[in-house]
Amino acid sequence: MAGVRYLCRMTDLHQRFLNIKTLIFDVDGVLTNGDVHLLESGEQFRTFDIKDSYALGAAIKAGLRVGIVSSANAEGARKWFGVLGIRDLFMGGPPDQKINAYLGYVSRDNLTESEILYMGDDIIDYPILTRPHLLPTCPADAVDEIRAVCQYISPKPGGRGAVRDVVEQVLKAQGKYLDIII
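Everything numeric in this text was worked out from a predicted model, so none of it was measured.

## Focus: the pattern of salt bridges
Using the criterion set out here, one finds 10 salt bridges in the structure. Through salt bridges with shared partners, a single network forms among Arg65, Asp88, Arg108 and Asp109.

## Topic: the packing of aromatic side chains
What describes a pair of aromatic rings is the distance from one ring centre to the other and the angle between the planes of the rings. Per the stated rule, a full pass over the model turns up 4 aromatic pairs. Taken together, a centroid distance of 5.5 Å and an interplanar angle of 80° make the contact between phenylalanine 17 and tyrosine 152 edge-to-face. One end of the pair, phenylalanine 17, is in helix 1 (residues 10-18); the other, tyrosine 152, is in strand 9 (residues 152-153), with 135 residues separating them in the sequence. Phenylalanine 17 gets classed as buried once you look at its relative accessible area, which sits at 3%. For tyrosine 152, a relative accessible area of 0% translates into the label buried.

## Brief notes about the environment of valine 36
Mapped onto the secondary structure, valine 36 falls in the loop between strand 2 (22-25) and strand 3 (37-38). Setting aside residues no more than four positions away along its own chain, valine 36 makes contact with Asp28, Gln44, Phe45 and Arg46.

## What about the environment of proline 132?
Turning to its location among the elements, proline 132 is positioned in the loop between helix 5 (126-129) and strand 8 (135-138). Given a relative accessible area of 64%, proline 132 falls into the exposed group. Considered as a pair, proline 132 and tyrosine 152 are 20 residues apart in the sequence and their alpha carbons are 15 Å apart.

## As for the nonpolar core
Within the largest apolar cluster, 35 residues are counted, with the highest numbers of intra-cluster contacts made by Phe17, Leu23, Phe25 and Phe81. Only helix 1, strand 2, helix 2 (50-61), strand 5 (65-70), helix 3 (75-84), strand 7 (116-119) and helix 7 (162-173) provide two or more residues apiece to this core. At 7 residues, the largest contribution of residues to this core is made by helix 7. Among residues more than four places away in sequence, those in contact with phenylalanine 81 are Val27, Leu31, Phe48, Ile68, Ile86, Leu89 and Met91. In this structure, Ile24, Tyr102, Leu129 and Cys138 belong to the second largest nonpolar core, which totals 18 residues.

## Examining the side chain of aspartate 125
Mapped onto the elements of the fold, aspartate 125 is located in the loop between strand 7 and helix 5. A polar contact is formed between the side chain of aspartate 125 and the backbone nitrogen of aspartate 121, at a distance of 3.0 Å. Residues contacting aspartate 125, with those up to four places away along its chain left out, are Asp26, Lys98, Tyr118, Gly120 and Ile146.

## So, unusual backbone geometry
Generally, phi is negative for residues other than glycine and the peptide bonds are trans, each holding for most cases. With phi around 50°, asparagine 110 is a residue other than glycine that occupies positive phi space. Along the chain, asparagine 110 turns up in the loop between helix 4 (98-108) and strand 7.

## Quick word on helix 4
Turning to helix 4, its buried residues number three or more, namely Lys98, Ile99, Tyr102, Tyr105 and Val106. Buried residues of helix 4, seen end-on, are gathered within an arc of 125° and therefore sit on one face of the element. In helix 4, the exposed residues that point more than 90 degrees away from the buried face are Ser107 and Arg108. Looking at the buried positions of helix 4, the neighbouring elements they touch are strand 2, strand 5, strand 6 (88-91), strand 7 and helix 5. Backbone geometry just downstream of helix 4 places asparagine 110 in the positive-phi region, at approximately 50°.

What counts, and where the lines are drawn
- Residues numbered from 1 in each chain as written.
- Predicted model: local features only at pLDDT ≥ 70, side-chain atom pairs only at ≥ 80, totals over all residues.
- Heavy atoms only, no water.
- Salt bridge = Lys/Arg side-chain N within 4 Å of Asp/Glu carboxyl O.
- Phe/Tyr/Trp six-rings, centres within 6.5 Å; stacked < 30°, edge-to-face > 60°.
- Helix = DSSP H or I, 4+ residues; strand = E, 2+ residues; numbered from the N terminus.
- Buried < 20%, exposed > 50% of the residue type's maximum accessible area, 1.4 Å probe, protein only.
- Contact = heavy atoms within 4.5 Å.
- Core = buried A, V, L, I, M, F, W, Y, C linked by side-chain atoms within 4.5 Å.
- Polar contact = N/O pair within 3.5 Å; in protein donor to acceptor, adjacent residues only side chain to side chain.
- Arc of directions from axis to C-beta.

Structure (structure tokens):
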């Protein structure tokens with residue numbers, strides 16, 4: 001597929017997608033295009049792609065766990081994730097502590113890292129994406145250092161279909177894709 005870089009053989013990647021039970025996403029640059037709009041009041045707002053949002057709901061409907069790990073702490077985003085049915089939100093805190101939020105989530109819910117897919121786009125995600133057992137993924141427009149460590153690079157940019165793409169990859173590998181669209 002043009003624009004997609006696989007760092008492991010397709011059969012290996014298919015097997016990795018097949019084993020995924022938990023999808024964890026960063027917010028800025030993954031679920032959004034990275035733009036943060038500031039109002040005169042100082043309030044920030046972000047724009048989410050409705051197709052990516054639909055895919056998150058579909059993943060939950062298909063029985064996958066969906067979590068958010070982000071240093072961003074936007075109340076509007078929290079509300080939107082609640083509407084989508086995402087309950088595992090780890091948002092806010094210093095960027096260099098993002099790995100601790102991730103590890104706390106894994107420990108709290110007794111998750112198996114080989115069953116986790118994480119999508120990040122920037123240096124702040126590096127400590128998570130380089131965990132030895134999880135499946136590291138990123139949008140097409142991730143920074144070079146992140147692209148270098150990811151086993152799957154979506155052909156779509158952040159906030160413009162990367163999340164939908166990776167969710168579809170997992171659902172198709174697991175034979176659940178048609179179940180959620182019919």
